[in-house]
Amino acid sequence: QVQLAQSGAEVRRPGASVKVSCKASGYNLNLYYLNWVRQAPGQGLEWMGWINPKIGVTHVAQKFQGRVTLTRDTSIVTAYMEVSGLMSDDTAVYFCARGALITFGGQTATPFDNWGQGSLVIVSS
Amino acid sequence: EIVMTQSPISLPVTPGEPASISCRSSESLLHGNGYNYLDWYLQKPGQSPQLLISLASKRASGVPGRFSGSGSGTDFTLEISRVEAEDVGGVYYCMQARQTPYTFGQGTKLEIK
């Protein structure tokens, strides 16, 4: 079955960077968008961006542009999300989520039909 | 960006009774292809979200038939025909996928009446 296995919890100082991984199994990573969503403690869900793993094209929400980098290593079927310039309000659980099948002319990278277990990132001095 | 507004934020329910959650968008989610790009997710305590409904009314694989979605344009509804105990305690989110950034409603928590 489809599984997305994420890396463990991280603690960082303000201003540092963190890189979260998401390893796919049970399906072909190259065929589906891979999205990232975060959830601050006790708060709702916030979409951050997607990557087309086959060609490496990304789309990051404007709010996060310049600070968030999405990459992938298809040889180990793993996607990555790196956040730089961390601030305390970046403290959150970060989820990867499989999106839509990638098709020519497709309208959206959704829905998110399989999710990783989440990776807690704590930013604290 | 499109703003999503859910109501109510907290919904007291009685197992065996129906329940309904409303979701409104600040812009139409209806695409020229006829689809409404509106999804529903459920996040149970301590778990990752799970997809319930996509394209406003398409039930995801494995989702019980008691869940249904409806609506078009800017007004959408998630209905549970008969609430079961496992449905309570979770937070239900709508999300628009009409344009990026995809945005979520603030969530609706089902609680026992």
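All figures in this text were calculated on a predicted structure; none of them were measured in a lab.

1. Comments concerning the interface of chain B and chain A
Step number 1: Tallying the contact residues gives 17 residues for chain B and 23 residues for chain A.
Step number 2: Between chain B and chain A, the buried area comes to about 1500 Å², and carbon and sulfur atoms account for 64% of it.
Step number 3: Contact with chain A buries surface across chain B, with Pro49, Tyr102 and Phe104 of chain B losing the most and accounting together for 36% of the total.
Step number 4: Taken together, the links from chain B to chain A amount to 0 salt bridges.
Step number 5: Summed over the shared surface of chain B and chain A, the result is 8 residue pairs in polar contact (both at pLDDT 80 or more).
Step number 6: Elements represented by at least two residues in the side of chain B that touches chain A include exactly strand E4 (38–43), strand E5 (50–54) and strand E9 (91–96) of chain B.
Step number 7: Counted by class, the side of chain B that touches chain A contains 10 nonpolar, 6 polar and 1 charged residues.

2. As for the sheet that holds strand E8 (residues 78–83) of chain A
All names here are of chain A.
Step number 1: With respect to topology, 4 strands assemble into an open sheet ordered E1-E3-E8-E7, the strand pairing being antiparallel. Here the strands that pair on one side only, and so sit at the sheet edges, are strand E1 (3–6) and strand E7 (68–73). Mean inter-strand twist for the sheet, computed between neighbouring axes without regard to direction, equals 20 degrees.
Step number 2: Relative to strand E3 (residues 18–25), E1 runs antiparallel, the two sharing 4 bridges. Within E3, the residue paired with Leu4 across the bridge is Ala24.

Definitions and limits used
- Residues numbered from 1 in each chain as written.
- Chains lettered and ligands numbered in written order.
- Predicted model: local features only at pLDDT ≥ 70, side-chain atom pairs only at ≥ 80, totals over all residues.
- Heavy atoms only, no water.
- Contact = heavy atoms within 4.5 Å.
- Buried area = accessible area lost by both parts, 1.4 Å probe.
- Salt bridge = Lys/Arg side-chain N within 4 Å of Asp/Glu carboxyl O.
- Polar contact = N/O pair within 3.5 Å; in protein donor to acceptor, adjacent residues only side chain to side chain.
- Helix = DSSP H or I, 4+ residues; strand = E, 2+ residues; numbered from the N terminus.
- Nonpolar A, V, L, I, M, F, W, Y, C, P; charged D, E, K, R; others polar.
- Pairing = 2+ DSSP bridges.
- Axes fitted to C-alpha atoms, helices over the stretch in contact; angles between N-to-C directions.

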